[in-house]
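One letter stands for each residue in the lines below.
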Amino acid sequence: MKMNIDTPIPIVDGTTITRKEFTEKYLKPQKPVILRGLWKQYPAYEKWTMDYFKQSMGDIKVKLFSTKQANPSETLSVAHAEMKFNEYLELIEKEPTDLRLFLFPVFKHKPELLKDFGYPNITGRYIKIPFMFFGPKHSVTRMHMDIDMSNVFLTQFAGKRRVVLFPPDQSDFLYRLPFNVHGLVDIDKPDFETYPAMQYAKGCTGILEYGDTLYMPSGYWHHIEYAEGGFGLSVRTIGASVGTILTGLWNVSIQRKFDDIMFKIRGQKWFNYKKQLAFKRAEKAMQRVKENAVLQ
Ligand SMILES: O=C(O)CCC(=O)C(=O)O
């Protein structure tokens with residue numbers, strides 16, 4: 001058995017796509033797309049290389065997270081290592097490591113970088129807080145959906161990332177943990193015996209290369225693997241509907257805090273309860289698929 005993830009994410013020319021076309025074909029229907037060369041219009045496109053970051057801000061200390069130590073019951077709040085930025089960049093270019101640099105607020109350290117780019121006119125309502133992500137070859141960002149329910153634009157500057165996406169309506173098949181943005185399944189090592197609903201999940205895959213920008217609509221699940229060590233930048237826009245915006249606000253302000261408090265009070269028991277709920281929902285979702293098949 002194999003997961004249904006081979007549908008390719010469409011690739012379009014990001015240098016010629018119009019705002020109207022992007023809105024009609026991708027933003028309104030909330031469909032992902034790779035916009036090739038969208039950032040060619042900005043100096044960052046050529047300027048931001050590994051060497052540039054090593055030379056211009058190599059001395060700052062960065063907090064790193066181990067992907068191996070990641071646990072679905074934890075949020076990413078405790079760093080596993082710290083080193084100088086240039087040492088880290090050298091590490092991810094040369095040696096195997098599982099240390100990642102997530103949500104790096106590079107612009108706090110070097111605000112001049114903000115002059116190297118703008119916000120592409122193919123859409124509006126940007127949340128102007130860009131973040132950068134750095135990772136070594138084979139590192140994986142475990143599957144999750146973004147808690148704030150924003151639309152995400154991920155641009156690749158060095159290396160390659162393999163991205164597997166699932167629309168929000170596939171959550172139950174991925175054993176989404178309630179009150180959380182992670183699922184229980186590992187799509188690279190699918191365990192259909194433990195998680196039989198996985199076989200019904202429908203996703204799509206794309207490879208992000210230098211200069212590609214992935215548009216990921218709000219609520220999309222994403223599993224990201226660094227096929228080569230490298231880095232990228234993400235910017236966000238406000239969710240497409242009032243419902244999505246309110247869900248994002250709820251998730252950030254109440255749901256996450258509630259989950260943290262419950263985990264502090266009840267520990268593993270709370271996690272087990274959430275797992276049970278995820279299995280129940282997956283069971284129901286499978287039942288619905290079977291009933292629909294009988295009706296057809
Ligand atoms: O590239 C990565 O490691 C993660 C990017 C991501 O998950 C995001 O921008 O939401």
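Residues numbered from 1 in each chain as written. Predicted model: local features only at pLDDT ≥ 70, side-chain atom pairs only at ≥ 80, totals over all residues. Heavy atoms only, no water.

- The name given to the protein chain in an unreviewed UniProt entry is Cupin-like domain-containing protein, with the source organism recorded as Lacibacter cauensis.

Concerning the site of the ligand
Alright, step 1. Taken together, Arg100, Phe133, Thr141, His144, Asp146, Leu154, Arg161, His222, Ile224, Tyr226, Ser234 and Arg236 are the residues near the ligand.
Alright, step 2. Side-chain polar atom of histidine 144 to an oxygen atom of the ligand: 3.2 Å apart, as the coordinates give it.
Alright, step 3. Contact between the ligand and aspartate 146: an oxygen atom at 2.8 Å from a side-chain N or O atom of the residue.
Alright, step 4. Summarising the interface, the protein chains cover 98% of the accessible area of the ligand, which totals 300 Å² for the free molecule.
Alright, step 5. Every element with two or more residues in the shell around the ligand is listed here: strand S8 (140–144), strand S13 (221–226) and strand S14 (230–237).
Alright, step 6. Ranked by the residues each element gives to the shell around the ligand, the list is headed by S13, at 3 residues. (Near = heavy atom within 4 Å. Polar contact = N/O pair within 3.5 Å; in protein donor to acceptor, adjacent residues only side chain to side chain. Areas by Shrake-Rupley, 256 points an atom, 1.4 Å probe, with all protein chains shown as cover. Helix = DSSP H or I, 4+ residues; strand = E, 2+ residues; numbered from the N terminus.)

Details of a nonpolar patch on the surface
Alright, step 1. Where nonpolar side chains cluster on the molecular surface, the patch consists of Phe179, Phe258 and Tyr273 and spans about 260 Å² of accessible area.
Alright, step 2. Inspection of the secondary structure puts tyrosine 273 in helix H7 (residues 268–295). (Patch = residues over 30% accessible without salt bridge, like charges linked within 9 Å, V, L, I, M, F, W, Y side chains within 5 Å. Salt bridge = Lys/Arg side-chain N within 4 Å of Asp/Glu carboxyl O.)

Some remarks on the UniProt feature "domain: JmjC" (unreviewed entry) in the protein chain
Alright, step 1. As annotated in UniProt, the feature "domain: JmjC" (unreviewed entry) corresponds to residues 84–256 in the numbering used here.
Alright, step 2. For residues 84–256, the helix share is 17%, the strand share is 36%, and the end-to-end C-alpha distance is 31 Å. (UniProt positions renumbered as here; feature names shortened; annotations may be inferred.)

Things to note about the environment of lysine 25
Alright, step 1. Tracing the chain through its elements places lysine 25 in helix H1 (residues 19–27).
Alright, step 2. Expressed as a C-alpha distance, the spacing of lysine 25 and aspartate 169, which sit 144 residues apart in the sequence, is 19 Å.

Here we look at the pattern of salt bridges
Alright, step 1. Taken as a whole and assessed by the stated rule, the structure comprises 17 salt bridges.
Alright, step 2. For glutamate 21, the salt bridge is made with lysine 25, and the minimal N-O distance between the two is 3.3 Å. Taken together, the residues span about one helical turn, with glutamate 21 and lysine 25 both in helix H1 at a distance of 4 residues.
Alright, step 3. On the basis of relative accessibility, which here comes to 46%, the residue lysine 25 falls in the partly exposed class.
Alright, step 4. A single salt-bridge network, built from bridges that share partners, covers Asp51, Lys54 and Glu93. (Buried < 20%, exposed > 50% of the residue type's maximum accessible area, 1.4 Å probe, protein only.)

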